[in-house]
Amino acid sequence: MTTAENKSDKSSKNSSGPTRRHTALPKAQILIEALPWLTRHRGKTVVIKFGGNAMVDEQLKAAFAQDVVFLHHAGLKPVVVHGGGPQISAALDRHGIVSEFKAGLRVTTEEAMDVVRMVLAGQVQRELVGLLNQHGPLAVGLTGEDAHTLTATKHLAEIDGELVDIGRVGEITAIDTGAVEALLADGRIPVVSSIARSQDDGHVYNVNADTAAAALAAALDAETLMVLTDVEGLYEDWPNSDEVISRLTASELEKLLPELSAGMVPKMEGCLHAVRNGVGNARVIDGRVQHSILLEIFTDEGIGTMVVPDEPVVADEEGQS
């Protein structure tokens, strides 16, 4: 090799090094942006309600599992609560049982309850646990029946000012967090199906997963409740506008509740219950976006709607609020 060729070769090697480092720089910047959020959330419990399209799209399911495992390895304590609306409806169709909803809740006959229980505990939960455990021996499934995690009594839906019986639909009356906390202490990821034991008879109840997630988040004194849904968040003036409300207080949300669509009511009531019972914040995020959980928690710009507790009332100098 001549001297000129040698110099040319060295120059080529030297120039390629900085170029490679430069192309990788955006990755480093993303990690650095996540640093304060990692510090803030480390050791905190995050309850995530898994539902909507994220439950039926293969890529979204895989991305969800990756997000939850990332939270775990980042030092957070994720707890997953799931329903199974699409899968339950499909199974009911196969059994010739009509799906019916009232006040945003599934009407659950005795016959339908058998299908609900089978689908939630035997299908949806097992698949989700399997996806999470592709990344290590992490996830453990349980239902609200296990270890008295969720206890409920019959819920009567209010429709046009009247209370209506919608079958084996439960209203949570008690929560025992012992099993969930034991799993978290053991470094596991609890995956909870929204089925509850009965407080007053030998049956089980179908509990709305949004409601169950909110109640469990409050009982665990979680930092965050995250509800995955099929919309971008809570809209400012739907259907006249698709502008999403990025942040609102509990009182502001309470005023909006009567105007919301039936499907959004359980989600937003759950968020309201959570932040009024000790949860630091509740977020409704678009489960149709891959890695929406990581984008919401670890970036400077959230992608959904965050509900926060009301500011405490400060007394004036004369002691009056």
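Bear in mind the structure is a predicted one, so any value in this text is a computation, not a measurement.

Some remarks on the overall build of the protein
- The number of helices and strands found in the protein is nine helices and 14 strands.
- Buried residues in the protein amount to 45% of all 321 residues.
- Pairs at least 24 residues apart make up 72% of the contacts formed inside the protein by residues separated by at least 6 positions.
- Of the roughly 16300 Å² of accessible surface on the protein, 51% is carried by carbon and sulfur atoms.

Describing the pattern of salt bridges
- The final tally for this structure, using the stated rule, is 15 salt bridges.
- Ionic pairing is found between Lys154 and Asp165, a salt bridge with its closest N-O pair at 3.3 Å. Of the two residues, Lys154 sits in strand β6 (residues 150-159) while Asp165 sits in strand β7 (residues 162-175), which places them 11 residues apart along the sequence.
- With a shortest N-O distance of 3.3 Å, Glu296 and Arg283 are connected by a salt bridge. A residue pair is termed long-range when its members are at least 10 positions apart, and Glu296 in helix α9 (residues 292-298) and Arg283 in strand β13 (residues 281-286) qualify at 13 residues.
- Residues participating in the shared-partner salt-bridge network are Lys49, Asp210 and Lys267.

A look at the packing of aromatic side chains
- Inspection of every chain in the model, using the stated rule, returns one aromatic pair.
- An angle of 25 degrees between the planes, with centres 4.1 Å apart, marks the rings of Phe50 and Phe64 as stacked. Residue Phe50 is found in strand β1 (residues 45-50), and its partner Phe64 is found in helix α2 (residues 58-73); the two are separated by 14 residues along the sequence. Across this residue pair, the class does not change: Phe50 and Phe64 are buried.
- It is Arg168 that lies over the ring of Tyr205; its NZ or CZ is 4.2 Å from the centre.

Re the sheet that holds β1
- Taken in spatial order, the eight strands make up an open sheet running β5-β8-β2-β1-β11-β13-β14-β12, and their pairing is mixed. Both outer strands of the open sheet, β5 (139-143) and β12 (247-249), are each paired with one neighbouring strand and no more. Looking at each pair of strands side by side, their axes are set apart by 20 degrees on average, direction ignored.
- Where β13 meets strand β14 (residues 305-308), three bridges bridge the pair, whose relative direction is antiparallel. Pairing of Val284 across the sheet is with Thr305, part of β14.
- Helix α4 (residues 110-132) rests against β1, β2 (77-82), β5 and β8 (189-193) of the sheet, and its axis sits at about 165 degrees to β5.
- Against the sheet, helix α8 (residues 265-275) touches β11 (224-229), β13 and β14, its axis set at about 175 degrees to β11.

Some points on the side chain of Thr151
- On the secondary structure map, Thr151 appears in strand β6.
- What makes Thr151 buried here is its relative accessible area of 6%.
- A polar contact is formed between the side chain of Thr151 and the side chain of Arg197, at a distance of 3.0 Å.

Description of the packing of helix α3 (residues 85-94) against α4
- Between α3 and α4, the shortest axis-to-axis distance is 9 Å and the interhelical angle comes to 130 degrees. Relative to α4, the element α3 is oriented oblique. Both α3 and α4 take part in a crossing whose hand is right-handed. Across the interface between the two elements, Gln87, Ile88, Ala91 and Leu92 from α3 touch Ala112, Val115, Val116, Val119, Leu120, Gln123 and Val124 from α4.
- In terms of residue class, the contact of α3 with α4 is made up of nine nonpolar, two polar and no charged.

Rules behind the numbers
- Residues numbered from 1 in each chain as written.
- Predicted model: local features only at pLDDT ≥ 70, side-chain atom pairs only at ≥ 80, totals over all residues.
- Heavy atoms only, no water.
- Helix = DSSP H or I, 4+ residues; strand = E, 2+ residues; numbered from the N terminus.
- Buried < 20%, exposed > 50% of the residue type's maximum accessible area, 1.4 Å probe, protein only.
- Contact = heavy atoms within 4.5 Å.
- Areas by Shrake-Rupley, 256 points an atom, 1.4 Å probe, with all protein chains shown as cover.
- Salt bridge = Lys/Arg side-chain N within 4 Å of Asp/Glu carboxyl O.
- Phe/Tyr/Trp six-rings, centres within 6.5 Å; stacked < 30°, edge-to-face > 60°.
- Lys NZ or Arg CZ within 6 Å of the ring centre and 35° of its normal.
- Pairing = 2+ DSSP bridges.
- Axes fitted to C-alpha atoms, helices over the stretch in contact; angles between N-to-C directions.
- Polar contact = N/O pair within 3.5 Å; in protein donor to acceptor, adjacent residues only side chain to side chain.
- Parallel < 35°, antiparallel > 145°, perpendicular 65-115°, else oblique.
- Left-handed = near helix turned anticlockwise from the far one by under 90°.
- Nonpolar A, V, L, I, M, F, W, Y, C, P; charged D, E, K, R; others polar.

Geometric values such as these leave the question of function open.
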